[in-house]
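Structure at a glance
The primary structure of each chain is shown beneath.
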Amino acid sequence: MALPKRFLSLLVCLFASLPLSCLHVHGSDELKAFIVHVKRPENLSFSVAEQWAGWYSSLLSLASLEANATDFARSRVIHSYRHVATGFSALLTEREVEAMSKLGWFLHAYPSPVYHLMTTHSPKFLGLRRRIGNGVWSATNRGEGVIVGILDTGVTPGHPSFDDHGLPPPPAKWKGRCDLNASACNNKLIGARGRPTDTPIDDEGHGTHTASTAAGAFVKHADVNGNARGVAAGVAPRAHIAVYKVCSETGCAGYDILAAMDAAVDDGVDVLSLSLGGGSVPFHSDPVALAGFEAINRGVFVSCSAGNSGPDPYTVTNTAPWLLTVGASTMDRSFLGTVKLGDGQEWEGASLYPPRNFDAKMLPLVYAAGLNDSLNGVDVRGKIVLCDRGDNSRLEKAEVVKSAGGAGVILVNTPEDAYSTVADPLVLPASNVPYVVGLKIKAYINSTSAPEASLVFNGTVMHTPHSPSMASFSSRGPSQITPGILKPDITGPGVSILAAWTMQKFNMISGTSMSCPHLSGIAALIRKANPDWSPAAIKSAIMTTAYVTDNSRGPILDERHLPADFFAIGAGHVNPPKAIDPGLVYDLTPQDYIPYLCGLYESYLVEVIVGRPVDCSSPKSIREGELNYPSISLTLPANNLKSVRYRRTVTNVGEPTSTYRVKLDVPQEVSATVTPTRLSFDELNQKQSFSISFRRNGGGSGAVQGQLLWVSTKHVVRSPISIRLE
């Protein structure tokens, strides 16, 4: 429809360029970036972005009159949204937002949050092989035709990981754009968008790394400092990549993330990968959760980092149930740096220092307690320096030692990190050792007047026992926002991941930023194998086929070398060969989330999330545990022997004719029953429901766990059960 001339004139004055660094207006009123959600117009149909921008401009003009602000019509709009949200972001004062809230079109506004980045061999570790036959890559043609959208720091065009040799053009549905030189994009890197004031070029390396992890091409002769030599490849090496730059060195603005997701779902991506996270905020004020809901409504799968704030509980982020929340764990490949002490002791640590470039002679050893940005007068020239992790980064500690003339550094874990070590590409010879090893080295230093040590670099070691294990940094549940949904959902490779980089050909870094794109690539493979599946079905397949034992046939361990609980591993470690053929799935439509959301928020806030009017007095709200989720989480209060009963529905995506029998494993403090105990199917996509009831058997407190399995002759469909006894 055509816009009235007064709307167009407002558009000119409101959307003229004005720098985001503007700080003050109206005297002492501070300008802040707000995201504003408005009621979607029922009788207006806009076909182009400019028409939406004009309508938002008219709303701002009305708010300007309400606020008695003569200069409110100056351009302070950052983005306008039309796909994943109805609204805009703008530089506003609190007084102006308060004036807006009194107008009929207003729904909700909040300060734009700042998110942070959650910063080879992994395909093979995941069971992905280049062989011809019945493997996952063969069954899915390595993700060909699937489009993976990466929200990060941008991309490095021309890197061999983004070579398009042998790739077909993107599917006809693709309508994105490339904000690089015409030759920079190709059939691999099909799209690249920058921020309003920036190009898509990656100045950090992080976005290049995550993009190549998800869907990078095969690159021979990859290594970092001579370690991990081999062929580098993404998880879905024939998938297309579209990059959306949303982050800079200062963080990732919520308004940019919302704009990028708004563009991506309209561009035609199949999977969105977000290796970033913020604090725990309600879903109605969380751009990732908000945009993620409309993304899954359009069939787009959304994979997010769980966060790097572990091992403390209640630190997991990106916990909306329609998002896949990914923790980080190790692989069976390690990089050893052995510490030899003057009394003959030898201790293994983690190191990426080149294995052949260091003379492993004994040198004086000194302990620099509390090393941050200075050595506090400790003479380290020509010495190996022992220092504790914490306060500042491992890289910063190494740089301080090098600048003071130190010959090497031994980084000792904090008690919280325990045995969870990380191999970093540092600026001098270094080894990261477990906390208990640090105690023994300190005891040795205190036992002699002339302590000494040497560092021996062993390079790449395969078949590391007790793999995978959880990384200490991986954020843990329960969720602060929705504790009745078990989070994280899954764990995947996130420690010492080799992938493409900006300043050098490859780099090796760790974080849930690295595990997230692994799962994004796996989702692309599942989408290729099962193009009609919903995002919830893909998520269910990933979760119900996960494994919970390591390569030593014991439980997956945490940083303390104790069995990791479900608040660390979620459903377990991803298993791609099983995930493309799970047998049964727990499916959910976007409509199914509304009763769940009505149990959390008022109607108008649910409207902000789902993008249409909702009356929460009409659909009966449900408890979190009643959502048809692939995992089960519940609380059983003390002195209450009443049963808690949940209902679940599974859809047959395996053999048309099949029968599944239940197997239930719960702790002794709890009794549980499943009805019926057998599910029979006669055709594909047939649905069957069952109920599961839990009751306390008496005493006990804290968190306990179990599992529900549906077992056929071919499939095992597993749901973790997390129970909090109060």
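Residues numbered from 1 in each chain as written. Predicted model: local features only at pLDDT ≥ 70, side-chain atom pairs only at ≥ 80, totals over all residues. Heavy atoms only, no water.

**Focus on the pairing of strand β15 (residues 301-305)**
Looking along a regular strand, one sees side chains alternate from face to face of the sheet. Across the five residues of β15, five count as buried, placing the element largely inside the fold. Here β15 shows no split at all, with Phe 301, Ser 303 and Ser 305 on one side and Val 302 and Cys 304 on the other all buried. Two elements, strand β13 (residues 271-274) and β15, share four bridges in a ladder whose sense is parallel. Note on β15: the bridge partner recorded for Leu 272 is Val 302. Of the strand pairs in this sheet, β15 and strand β16 (residues 324-329) are connected by three bridges, and their pairing is parallel. For Ser 303, the partnering residue across the bridge sits in β16 and is Leu 324. (Buried < 20%, exposed > 50% of the residue type's maximum accessible area, 1.4 Å probe, protein only. Helix = DSSP H or I, 4+ residues; strand = E, 2+ residues; numbered from the N terminus. Pairing = 2+ DSSP bridges.)

**What to know about the state of the cysteines**
Tallying each qualifying case throughout the model produces three disulfides. Bridging Cys 598 to Cys 616, the disulfide has an S-S length of 2.0 Å. Measuring handedness by torsion sign, the sulfur bridge of Cys 598 and Cys 616 sits at about -75 degrees and is left-handed. Of this pair, Cys 598 sits in helix α15 (residues 593-598) while Cys 616 sits in the loop between α16 (603-610) and β28 (632-636); the two residues are 18 residues apart in sequence, bridging distant segments of the chain. (Disulfide = S-S within 2.5 Å.)

**A look at the pattern of salt bridges**
If charged atoms from side chains of opposite charge come close, those side chains can pair. Taken as a whole and assessed by the stated rule, the structure comprises 26 salt bridges. The residue Lys 175 makes a salt bridge to Asp 266 at a minimum N-O spacing of 3.2 Å. A residue pair is termed long-range when its members are at least 10 positions apart, and Lys 175 in the loop between β6 (147-152) and β7 (189-193) and Asp 266 in helix α7 (residues 254-267) qualify at 91 residues. (Salt bridge = Lys/Arg side-chain N within 4 Å of Asp/Glu carboxyl O.)

**Considerations on the sheet that holds strand β30 (residues 658-665)**
Pairing is mixed across the open sheet formed by five strands, whose spatial order is β28-β35-β34-β30-β32. Bordering the open sheet on either side are β28 and β32 (678-681), each of which pairs with just one other strand. Between one strand and the next, the sheet's axes are offset by a mean angle of 20 degrees, whatever the strand orientation. Both strand β34 (residues 702-711) and strand β35 (residues 716-725) contribute to a ladder of ten bridges, which runs antiparallel. Considered in β35, the bridge of Gln 707 is made with Pro 720. (Axes fitted to C-alpha atoms, helices over the stretch in contact; angles between N-to-C directions.)

**Here's the deal with the nonpolar core**
Core analysis: the largest hydrophobic core is formed by 114 residues, its most contacted members being Ile 257, Leu 272, Leu 274, Phe 283 and Trp 322. Top element by residues in this core is α7. It accounts for nine residues. (Core = buried A, V, L, I, M, F, W, Y, C linked by side-chain atoms within 4.5 Å.)

**Some points on the packing of aromatic side chains**
Under the counting rule described, the total for this entry stands at eleven aromatic pairs. Judged by centre distance (5.1 Å) and plane angle (85 degrees), the ring pair of Phe 293 and Trp 322 falls under edge-to-face. Within this pair, whereas Phe 293 is found in helix α8 (residues 287-297), its partner Trp 322 is found in the loop between β15 and β16, the two being separated by 29 residues in sequence. By the burial criterion, Phe 293 is buried, and Trp 322 matches it. (Phe/Tyr/Trp six-rings, centres within 6.5 Å; stacked < 30°, edge-to-face > 60°.)

**A few points about the packing of α8 against α16**
The N-to-C vectors of α8 and α16 enclose an angle of 65 degrees; their axes lie 8 Å apart at closest approach. Seen from α8, the contacting residues are Leu 290, Phe 293 and Glu 294; seen from α16, they are Val 608, Ile 609 and Val 610. Class assignment of the residues belonging to the contact of α8 with α16 gives a composition of five nonpolar, no polar and one charged. (Contact = heavy atoms within 4.5 Å. Nonpolar A, V, L, I, M, F, W, Y, C, P; charged D, E, K, R; others polar.)

**Remarks on the sheet that holds strand β33 (residues 687-696)**
If you trace the four strands from one edge of the open sheet to the other, you get β27-β29-β33-β31, paired in antiparallel fashion. Each edge of the open sheet carries a strand with a single partner, namely β27 (584-585) and β31 (670-675). In this structure, β31 lies alongside β33, joined through six bridges in antiparallel fashion. Pairing of Ser 671 across the sheet is with Arg 695, part of β33.

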